[in-house]
Amino acid sequence: MEHDRWMHRCLELARRGAGQVAPNPLVGAVLVQGEVVLAEGWHRRFGGPHAEVECLRAFGDGPVPEDAVMVVSLEPCSHHGKTPPCADLLVERGVKRVVIGQRDPFAEVAGRGVERLRAAGVQVTEGVLERECRWTNRRFNTRHEQGRPYVVLKWASTSDGLLDKHPREQRGVQRISGPEAHLLVHRWRAVEQAVLVGSRTVVNDDPALTVRAIEGRDPLRVVLDRDGRTPDTSRVYDGTADTLLFTAAPRPSLAVEQFIVPLVQEPLSAVLGELHRRGIASVLVEGGATLLKAFLSAGLWDEARVFTAPVHFAHGTPAPRMERDAVWSGPVGADRLDLFVNGRSTPDELPEPWHW
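None of these values were measured; they are calculated from a predicted model.

Some points on helix α2 (residues 51–59)
Moving on, step 1. Listed in full, the buried residues belonging to α2 are A51, E52, V53, E54, C55 and L56.
Moving on, step 2. Contacts made by the buried residues of α2 are with β1 (28–33), β2 (36–42), β3 (69–74) and α3 (86–92).
Moving on, step 3. G60 sits one or two residues past α2 and shows a positive phi near 110 degrees.

As structure tokens, then:
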């Protein structure tokens, strides 16, 4: 319990890297002496210094006090990647006590960082707020433990359980949820590395799938359209952001990258497998109903984030039905947001949706 306070701070710092460090993990570090914080740091960008390095840089070049403790949310690395090993740095700087949230699932670390520290005489405490730490790095963990991207399903439903209204009068997005939810979805797009939709969503809604309501990086736009239904003039093919099309036959008229998935092949595993091969740690699935239900039916999902708005359509496409209880529910403007989680434990107190 004595270290929980500082680990909570590590996780607050770690989340500042959301949308900047993927597919690397979110990591925060705090150097403390008794009740005094000597320095803090977090992993700020992909390929940049790790949290421990940032923390010790903030501390300065002077000797680290003998009774100081380095608290870090993820096991310090022990290999030469884009940066030198953090475990070696802690030993070189004379850090005598290290507190870790969770071990690193990356095969080139996976306990070797702890071994390196202990071999040098460093006192290591593990598993502090481990469930919270694993939740913060659930994308990174899934990538290395399951060999696929972390899958987030998202949809908005009317109060009568519909995704859209029939008949459609024109091509374009039918707004269900309010402006606060719209802003939140753009935040989520900026955090996840890819956003995926099916052909019917492109045909009906013509979405751009870019980040516009906030400042942030555009995700890779992924379209699953093996029947060649989507018009060449669709906004997802406009070149304003990278697009990857999964198709059964090449479409030379489109200047986007294409990946062939024959009609006889099961598509979801092919999509997730190719995204994993490209180093994509997470994907936000935004529709439509057929694609969302396919992920749910196959069990190939990790979160479902469902908005319910106080509007009534009467006729339209039924929304997916969740057969489990939400682990988090709360208001987002005039809408309600429910979070469903598939097969993993969650912290007792989840962060607000802005930090998901």
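Regarding the environment of F140
Moving on, step 1. Locating F140 in the fold gives a position in helix α6 (residues 138–146).
Moving on, step 2. Take F140: its relative accessible area is 6%, and that puts it in the buried class.
Moving on, step 3. The spacing of F140 and V53 is 87 residues in sequence and 20 Å in space, taken between C-alpha atoms.
Moving on, step 4. Not counting the four nearest positions on each side in its chain, F140 is found in contact with P23, N24, P25, L74, D104, P105 and F106.

A word on the side chain of S199
Moving on, step 1. Tracing the sequence through the fold places S199 in helix α8 (residues 199–205).
Moving on, step 2. By relative accessible area, which is 12% here, S199 ends up buried.
Moving on, step 3. For S199, the residues in contact, after removing those within four places along its chain, are L224, D225, R229 and T230.

With respect to the state of the cysteines
Moving on, step 1. Across all of its chains, the model carries zero disulfides by this definition.
Moving on, step 2. Just so you know, C86 is unpaired, no disulfide at all, and the nearest cysteine sulfur is the one on C77, 3.7 Å from it.
Moving on, step 3. For C86, a relative accessible area of 1% translates into the label buried.
Moving on, step 4. No disulfide involves C133; its sulfur sits 7.6 Å from the nearest other cysteine sulfur, which is in C10.

Remarks on the packing of aromatic side chains
Two measures describe an aromatic ring pair: the distance that separates the ring centres and the angle between the ring planes.
Moving on, step 1. One pass over the full model with this rule turns up four aromatic pairs.
Moving on, step 2. With a centroid separation of 6.1 Å and 10 degrees between ring planes, the pair formed by W188 and W356 is classed as stacked. Separated by 168 residues along the polypeptide, W188 in helix α7 (residues 179–191) and W356 in the segment after β14 (335–341) bring together distant segments of the chain.
Moving on, step 3. On the accessibility criterion, W356 (3% relative accessible area) is buried.
Moving on, step 4. With 5.2 Å between their ring centres and 85 degrees between their planes, W328 and W356 make a pair best called edge-to-face. On the criterion of sequence distance, the pair formed by W328 in strand β13 (residues 328–332) and W356 in the segment after β14 is long-range, its members being 28 residues apart.
Moving on, step 5. A relative accessible area of 14% places W328 in the buried class.
Moving on, step 6. Linked through ring pairs, W188, F307, W328 and W356 together constitute an aromatic cluster.
Moving on, step 7. The ring of W42 is capped by R44, whose NZ or CZ atom sits 3.8 Å from the centre of that ring.

Brief notes about α6
Count 3.6 residues to each turn of an α-helix, and residues three or four apart come out pointing the same way.
Moving on, step 1. When α6 is considered as a whole, its buried residues turn out to be R138, R139, F140, N141, T142 and R143.
Moving on, step 2. Within two residues after α6, G147 carries a phi angle of roughly 70 degrees, on the positive side.

Description of the sheet that holds β13
Moving on, step 1. Pairing within the open sheet is mixed, and its nine strands lie in the order β10-β9-β8-β7-β11-β6-β12-β14-β13. Every interior strand has two partners, whereas the edge strands, β10 (257–260) and β13, have only one. Ignoring strand direction, the axes of neighbouring strands in this sheet form an average angle of 20 degrees.
Moving on, step 2. Pairing geometry for strand β7 (residues 194–198) and strand β11 (residues 282–285), over three bridges, is parallel. Within β11, the residue paired with V195 across the bridge is L284.

Let's talk about the pattern of salt bridges
Moving on, step 1. A full pass over the atoms with the stated rule returns 28 salt bridges.
Moving on, step 2. Put simply, R305 and E303 hold a salt bridge, and the shortest N to O gap is 2.9 Å. Per residue, the accessibility class of R305 equals that of E303, and both read buried.
Moving on, step 3. Across the pair D338 and R336 runs a salt bridge whose closest N-O atoms are separated by 2.8 Å.

A closer look at the side chain of T243
Moving on, step 1. If you trace the backbone, T243 turns up in strand β9 (residues 243–247).
Moving on, step 2. Overall, T243 belongs to the buried group, its relative accessible area being 7%.
Moving on, step 3. A distance of 3.1 Å separates a polar atom in the side chain of T243 from a polar atom in the side chain of R221.
Moving on, step 4. Within the structure, the side chain of T243 is placed 2.5 Å from the backbone oxygen of V236, a separation counted as a polar contact.

Criteria and thresholds
Every chain is numbered independently, its residues counted from 1 as its sequence is written. Per-residue local features of the predicted model are confined to residues with pLDDT of at least 70, and side-chain atom pairs are confined, for both listing and counting, to 80 or more; whole-chain, interface and lining totals are unaffected and use all residues. Hydrogens are left out, water is left out, and the side-chain values use all remaining heavy atoms of the structure. For every residue, the accessible area (1.4 Å probe, protein chains only) is compared with the maximum for its type, and the residue is labelled buried under 20%, exposed over 50%, or partly exposed between those bounds. Put simply, DSSP H or I for four residues or longer makes a helix, DSSP E for two residues or longer makes a strand, and each gets a number counted from the N terminus. Contact definition: two residues touch when any of their heavy atoms are within 4.5 Å. In this description, a disulfide is simply a cysteine sulfur pair whose atoms lie within 2.5 Å. Note on aromatic contacts: the rings of Phe and Tyr and the six-membered ring of Trp form a pair at centre separations within 6.5 Å, being stacked when their planes are under 30 degrees apart, edge-to-face when over 60 apart, and tilted otherwise. Here, a charge over a ring is recorded when the distance from Lys NZ or Arg CZ to the ring centre is within 6 Å and its angle to the ring normal is within 35 degrees. Strands are treated as partners if at least two bridges between them are detected by DSSP. Only the contacting stretch of a helix is used when fitting its axis, a line to C-alpha atoms as for every element, and angles between N-to-C directions run 0 to 180 degrees. Salt-bridge detection follows one rule: a side-chain nitrogen of Lys or Arg within 4 Å of a carboxyl oxygen of Asp or Glu. Distance and chemistry together define a polar contact, namely a pair of N or O atoms within 3.5 Å, with one atom able to donate a hydrogen and the other to accept it when in protein, and with adjacent residues in sequence counting only for side-chain atoms on both sides.

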